[in-house]
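Structural features, examined
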Amino acid sequence: MIEIQANRTCRIYLTCAFTLWLAINALYIAWEAKPPFLDVFLFKEAGVNLAVEGKFVAANLPHMPREVALPYAYYAPLYPLSYGVWTSLAGVGLKQSILFDHLIKGLRTLL
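Presented here is a report on the structure given in the accompanying data block. Bear in mind the structure is a predicted one, so any value in this text is a computation, not a measurement.

1. Focus: the overall build of the chain
Helix and strand counts for the chain come out as four helices and two strands. Helices and strands in the chain line up, N terminus first, as α-α-β-β-α-α. For the chain, the residues scored as buried account for 19% of the 111 residues in total. Put simply, of all contacts in the chain between residues at least 6 apart along the chain, 42% involve residues at least 24 apart. When the accessible surface of the chain is totalled, it reaches about 8,600 Å², and 71% of it is carbon and sulfur.

Dropping the structure here:
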């Protein structure tokens, strides 16, 4: 009887913890449009802006105010510049992005 009660209590605690975890993640997703741990937004944002708007800027990153575009001044700009050229030629999309990444990996392997 005590063992059944302990299992039930454990299940209740696990259910509450999981519900709390889901609620926190839902609030996080609602608050942050883009997860701050993904570098793809930092690197490819400037390249897409270069191809689409003709400006080498980054905008709407998690650490920036909303709707503010600042000149790209992060790591070495070769990757975002080459991605900007790629997107101006191939277009902007998931397939184009994946193909670009594979081409970069293949080039890196050859070097």
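2. Side note on the pattern of salt bridges
Opposite charge on two side chains permits pairing when their charged atoms draw close. For the structure on display, the rule yields one salt bridge. Asp101 is paired through a salt bridge with Lys44; the nearest N and O atoms lie 3.0 Å apart. Of this pair, Asp101 sits in helix α4 (residues 94-110) while Lys44 sits in helix α2 (residues 39-53); the two residues are 57 residues apart in sequence, bridging distant segments of the chain. What makes Lys44 buried here is its relative accessible area of 8%.

3. Observations regarding the nonpolar core
The biggest cluster of nonpolar side chains holds six residues, and these are Leu42, Ala46, Ala58, Leu61, Met64 and Tyr72. Not counting residues within four places of it along the chain, the set of residues in contact with Leu42 comprises Leu61, Tyr72, Tyr74 and Tyr75.

Thresholds, definitions, all that
Residues numbered from 1 in each chain as written. Predicted model: local features only at pLDDT ≥ 70, side-chain atom pairs only at ≥ 80, totals over all residues. Heavy atoms only, no water. Helix = DSSP H or I, 4+ residues; strand = E, 2+ residues; numbered from the N terminus. Buried < 20%, exposed > 50% of the residue type's maximum accessible area, 1.4 Å probe, protein only. Contact = heavy atoms within 4.5 Å. Areas by Shrake-Rupley, 256 points an atom, 1.4 Å probe, with all protein chains shown as cover. Salt bridge = Lys/Arg side-chain N within 4 Å of Asp/Glu carboxyl O. Core = buried A, V, L, I, M, F, W, Y, C linked by side-chain atoms within 4.5 Å.

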